[in-house]
Amino acid sequence: MADFYLDFEKPIAELKTKLRELAEISAKTPSAAMSDCIKLLEKQLEETIKDTYANLNRWQRVQLARHPERPYVLDYIERIFTDFTEFHGDRRFADDKAMIGGFALLDKYPVMVIGTQKGRDMKSNLFRNFGWPNPEGYRKALRLMQMADRAGVPIVTLIDTPGAYPGVSSEERHIGEAIAVNLREMFALKVPVIAVVIGEGGSGGALGISVGNRILLMENAYYSVITPEGCAAILWKNRAFAPKAAEALKLTAKDLQKLDIADDIVPEPMGGAHLDYDVTARNLKTALKKHLAGLRKLSVKTLKDQRYAKFRQMGLVAEGMMPTGDTTAVISE
């Protein structure tokens, strides 16, 4: 396991430390009693791991989605695709390093891969703007999607961002307009689009590249109109209420599958994707191949209609009458 542990993983970390210490002692002075003690501790560790990850709450899954050791877009591209050729720039202002994309091969089939990339340390995070795309990032993504559309190549987007960059410079270059144009134009694409939330799927920053025929979520990813901290700051005026906000937002993969937003959940290794990049990537590749095989059989009209219908049904409301006679809107799940 990675050296970094989340708060709820501390009991696991303590057991692993004790196990290492006993193993070192046993190596120096082996004994039957020590071997039995190690076996007992290994069993306790296994049970603790199973119990911890089988009962994660929504806030804990958000924490796993943000794990600093979690695989990012380039990690998946390296393991799933071949012959990746990255393209740069939006042809208007600049090249946004938080948004990457280019043609690649998924086995023998060409695809356009686009995703939001975070950094691993301070230097790379500054280079990638902490995974917060600027307007030029969304305009670059749209340029590449339209290029793929002209070439008749399916599009795969990999999403891992807390949201679009909210700074003054971003507003000056019209971040809202850039995202809105992407939403409009993605509905018009003639090729299959699969959007995968691999970590954080926050706000319009995620939505700007996730208008897909299929929306997949990694098991410990989240997808929400706002981050839990942002929601808590608005509703309770205190970001400390983020765990409560996470519960209310129903933002986990299972929640979203139940609400017919997520079409599929990609399994992760016990404990999270950061524990085994290769297994996680294989699981995602299998899911992509399965969904692309089905989408390739559909006509252009069906792809467009399906995409429209999918997003049109999200957040349906039904009007009913309160006992007082007032009309109220009830969100249907």
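Residues numbered from 1 in each chain as written. Predicted model: local features only at pLDDT ≥ 70, side-chain atom pairs only at ≥ 80, totals over all residues. Heavy atoms only, no water.

Student: Outline the packing of helix H6 (residues 135-151) against helix H8 (residues 175-187), listing residues and values.
Tutor: Geometrically, a packed helix pair is captured by the angle between its two axes and the distance between the axes. As a packed pair, H6 and H8 sit with axes 8 Å apart at the nearest point and diverge in direction by 20°. When the axis of H6 is compared with that of H8, the two are roughly parallel. Like other packed secondary-structure pairs, H6 and H8 cross with a definite hand, here left-handed. When H6 is examined against H8, the residues Pro-135, Tyr-138, Arg-139, Ala-141, Leu-142, Met-145 and Gln-146 are found in contact with a partner set consisting of Ile-175, Glu-177, Ala-178, Ile-179, Val-181, Asn-182, Glu-185 and Met-186. Residues of the contact of H6 with H8, tallied by class, amount to 10 nonpolar, 2 polar and 3 charged. (Axes fitted to C-alpha atoms, helices over the stretch in contact; angles between N-to-C directions. Helix = DSSP H or I, 4+ residues; strand = E, 2+ residues; numbered from the N terminus. Parallel < 35°, antiparallel > 145°, perpendicular 65-115°, else oblique. Left-handed = near helix turned anticlockwise from the far one by under 90°. Contact = heavy atoms within 4.5 Å. Nonpolar A, V, L, I, M, F, W, Y, C, P; charged D, E, K, R; others polar.)

Student: Describe helix H13 (residues 277-295), listing the residues and the values that go with them.
Tutor: Spanning 19 residues, H13 covers 27 Å between terminal C-alpha atoms, matching the ideal 27 Å at 1.5 Å per step. Among all positions in H13, only Tyr-277, Thr-280, Ala-281, Leu-284, Ala-287, Leu-288, His-291, Leu-292 and Leu-295 are buried. The buried residues of H13 all sit within an arc of 125° when viewed along its axis, so they share a single face. Residues of H13 that are exposed and angled more than 90 degrees away from the buried face: Arg-282, Thr-286 and Lys-290. Of the residues that open H13, the one with a side-chain oxygen 3.2 Å from the backbone nitrogen of Asp-278 is Asp-276. (Expected span 1.5 Å × (residues − 1). Buried < 20%, exposed > 50% of the residue type's maximum accessible area, 1.4 Å probe, protein only. Arc of directions from axis to C-beta. Polar contact = N/O pair within 3.5 Å; in protein donor to acceptor, adjacent residues only side chain to side chain.)

Student: Any details on the pattern of salt bridges? Residues and values, ideally.
Tutor: Evaluation of the coordinates by the stated rule reveals 23 salt bridges. Arg-66 is the salt-bridge partner of Glu-229, the closest N and O atoms lying 2.6 Å from each other. Taken together, the residues Glu-229 in helix H10 (residues 228-235) and Arg-66 in the loop between helix H3 (58-65) and helix H4 (73-80) connect sequence positions 163 residues apart. Through salt bridges with shared partners, a single network forms among Arg-66, Lys-118, Asp-160, Glu-200 and Glu-229. (Salt bridge = Lys/Arg side-chain N within 4 Å of Asp/Glu carboxyl O.)

Student: Any details on the environment of Gly-163? Residues and values, ideally.
Tutor: Among the secondary structure elements, Gly-163 is positioned in the loop between strand S4 (155-161) and helix H7 (168-172). Separated by 101 residues in sequence, Gly-163 and Asp-264 place their C-alpha atoms 22 Å apart. Setting aside its immediate chain neighbours within four residues, Gly-163 contacts Gly-131, Trp-132, Pro-133, Gly-202 and Gly-205.

Student: How would you sum up the packing of H4 against H13? Please name residues and give values.
Tutor: Two elements in contact, H4 and H13, have axes whose closest approach is 9 Å; the angle formed by their N-to-C orientations is 70°. By the angle between their directions, the pair H4 and H13 is classed as roughly perpendicular. Every residue of H13 that contacts H4 at Asp-75, Tyr-76, Arg-79 and Ile-80 is listed here: Tyr-277, Asp-278, Thr-280, Ala-281, Leu-284, Lys-285 and Leu-288. Considered class by class, the residues forming the contact of H4 with H13 number 6 nonpolar, 1 polar and 4 charged.

Student: Account for unusual backbone geometry, with residues named and values stated.
Tutor: Positioned with a positive phi, Asp-83 is a non-glycine residue whose angle comes to about 55°. Looking at where Asp-83 falls in the secondary structure, it is placed in strand S1 (residues 82-86). A positive phi angle is found at Asn-129, which is not glycine, with a value near 55°. On the secondary structure map, Asn-129 appears in the loop between helix H5 (122-127) and H6.

Student: Can you break down the nonpolar core residue by residue, with the values?
Tutor: Core analysis: the largest hydrophobic core is formed by 60 residues, its most contacted members being Tyr-76, Phe-81, Ile-155, Leu-158, Val-196, Leu-284 and Leu-288. Residues within four places of Tyr-76 in sequence aside, it is in contact with Pro-71, Phe-81, Leu-158, Ile-198, Met-218, Ala-273, Thr-280, Ala-281 and Leu-284. Counting residues in each nonpolar core, the second largest holds 14 residues, with Phe-8, Leu-19, Ile-49 and Tyr-53 among its members. (Core = buried A, V, L, I, M, F, W, Y, C linked by side-chain atoms within 4.5 Å.)

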